[in-house]
Amino acid sequence: MTIVNLVIFAVFLALLALIFKRTQKLGTTVFIGLVLGLIGGALLQYSADQQTINGTLEWVNLVGNGYVRLLQMIVMPLVFVSILSAITRLNQASALGKISFSVISVLLITTAIAAAIGIAMAYAFDLTAEGLVAGERELAAQTKVEGRVEKVSGLTIPAMLLSFIPKNPFLELTGANPTSIISVVIFSALLGVAALSLAKEDQALGERIAQGVDSLNKLIMRLVRMVIRLTPYGVFALMIKMATTSKWADIVNLGTFIVASYLAILLMFVVHALLLALFRINPLDYFKKVLPTLSFAFTSRSSAATLPLNIETQTNKLGNNSVIANFAATFGATIGQNGCAGIYPAMLAVMVAPTVGIDPFSLSYLLTLILVVTISSLGIAGVGGGATFAAIVVLSTLNLPLALVGLLISIEPLIDMGRTALNVNGSMVAGTLTNKLLEKK
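Reading the values: rules and limits
Residues numbered from 1 in each chain as written. Predicted model: local features only at pLDDT ≥ 70, side-chain atom pairs only at ≥ 80, totals over all residues. Heavy atoms only, no water. UniProt positions renumbered as here; feature names shortened; annotations may be inferred. Helix = DSSP H or I, 4+ residues; strand = E, 2+ residues; numbered from the N terminus. Patch = residues over 30% accessible without salt bridge, like charges linked within 9 Å, V, L, I, M, F, W, Y side chains within 5 Å. Areas by Shrake-Rupley, 256 points an atom, 1.4 Å probe, with all protein chains shown as cover. Salt bridge = Lys/Arg side-chain N within 4 Å of Asp/Glu carboxyl O. Buried < 20%, exposed > 50% of the residue type's maximum accessible area, 1.4 Å probe, protein only. Expected span 1.5 Å × (residues − 1). Phe/Tyr/Trp six-rings, centres within 6.5 Å; stacked < 30°, edge-to-face > 60°. Lys NZ or Arg CZ within 6 Å of the ring centre and 35° of its normal.

### A short note on the UniProt feature "transmembrane region" (unreviewed entry) in the protein chain
Move 1: Feature annotation in UniProt places "transmembrane region" (unreviewed entry) on residues 6-23, 30-47, 67-87, 99-125, 180-199, 252-279, 363-383 and 389-409, given in this structure's numbering.
Move 2: Across residues 6-23, the secondary structure splits into 100% helix and 0% strand, with the terminal C-alpha atoms separated by 26 Å.
Move 3: Between the end C-alpha atoms of residues 30-47 the distance is 25 Å, and the span holds 100% helix and 0% strand.

What follows is the structure in structure tokens.
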């Protein structure tokens, strides 16, 4: 039976290749792959025994996880070279400060709004941690959460900011730390500023450096485009895995929390659209252009893995300046994530507060919660599980029990897909608004 499933899988991969060849529309092919993967995964879960499912997924994962690994492979080289290349073409280094300030401001402001929306949804659906029963899987998750608490118990804002500064850029280029992406951004930015400084002293040398960096950037971008063309097949395989492994009983049991979470995510997308409209950018046109990138973010559950698609979409489809696109995408992967670091920890903090005698809707608690969520969104790793880390930081800061983080582990993958898509969209909105703001000056 496993062989039959794999033959069917191969046929659908060939079908996706044929669709892309005839239409040359990556976004359409990605969406078709997503739908086919969802249907195929659901059918596989209910029509095969566990041994057959495991055997099939082992090969399906080769395509899905293989694609994700290819994206992860090009993340650091792309971030380093593209930012360095973009900065060496700047007329003045002072523009970097304006770009960074604008991007980070938009990310943090939208995270604060996301936290407020998460709180509102918890209130509207009367969500509470009371009465939730911990099963075997949830208890195991709680133990894992308790282990991660030790890593963040002594975390302060100065310590977090200090971790952004690279002490070994070659180690950061390997992605060794959760904040490696920001560290690489800082290193490449400083190297670019150094190149600008050299160009002022020796124009010929500066020109040779710029040409060398530009050549390397073109080589990396060609590799990026080659990998991105594989997106429909990666999304198809990832969606099959998600639909096959989801526990529908868990989804039904915690259905209210899922509905509230996705409604909050949807409302935050509306906020993004309103912000775009406020800056005279057509939201419908914007979402048509970014849909393939959001589709991959949805299925991969990784803001970091979506970086190449994010940057490519901003520069080639949205027309954002390459420096702004790189800064927005990279900062957005670890700072101010609207879904993982905004909505999710805010909802959990509201649900947990009554269990320790705190009124979660008192004005002082609400203001404190929104402030803590916003500040804590600095440095949240843009990979699957980042929301758990964000929740631990927020709940620990507010001296709230962490059990709920483990209790919700059964539905974590399902909600994380929507959160990650929102995170990525937040970074693209930050880049687009920054581009519009600085374009006027």
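The rest of the description comes next.
### Thoughts on a nonpolar patch on the surface
Move 1: A surface patch of nonpolar side chains, about 410 Å² in accessible area, is lined by Leu70, Met73, Leu223, Met226 and Leu230.
Move 2: Those elements giving two or more residues to the nonpolar patch turn out to be helix 3 (50-88) and helix 9 (203-228).
Move 3: For leucine 230, the location among the structural elements is in the loop between helix 9 and helix 10 (231-245).
Move 4: Leucine 230 sits in the partly exposed class, given a relative accessible area of 34%.

### Let's talk about helix 12 (residues 255-278)
Note that an α-helix has 3.6 residues per turn; residues three or four places apart therefore point the same way.
Move 1: Taking 1.5 Å of rise per residue, 24 residues should cover 34 Å, and helix 12 covers 34 Å from first to last C-alpha, within 8% of that figure.
Move 2: Where helix 12 terminates, the next one or two residues include arginine 280, which has phi positive at roughly 60°.

### Focus on the packing of aromatic side chains
Move 1: The final tally for this structure, using the stated rule, is nine aromatic pairs.
Move 2: Arranged with centres 6.2 Å apart and planes meeting at 45°, the rings of phenylalanine 12 and phenylalanine 236 form a pair that is tilted. A residue pair is termed long-range when its members are at least 10 positions apart, and phenylalanine 12 in helix 1 (residues 2-23) and phenylalanine 236 in helix 10 qualify at 224 residues.
Move 3: For phenylalanine 12, a relative accessible area of 30% puts it in the partly exposed group.
Move 4: Of the residues examined, phenylalanine 236 reaches a relative accessible area of 3% and is grouped as buried.
Move 5: Ring geometry for tyrosine 286 versus phenylalanine 287: centroids 5.1 Å apart, planes at 80°, classification edge-to-face.
Move 6: Among the aromatic side chains, those forming a connected cluster through ring pairs are Phe9, Phe12 and Phe236.
Move 7: For arginine 419, the ring lying beneath its charged end belongs to tyrosine 344, and the centroid distance is 4.3 Å.

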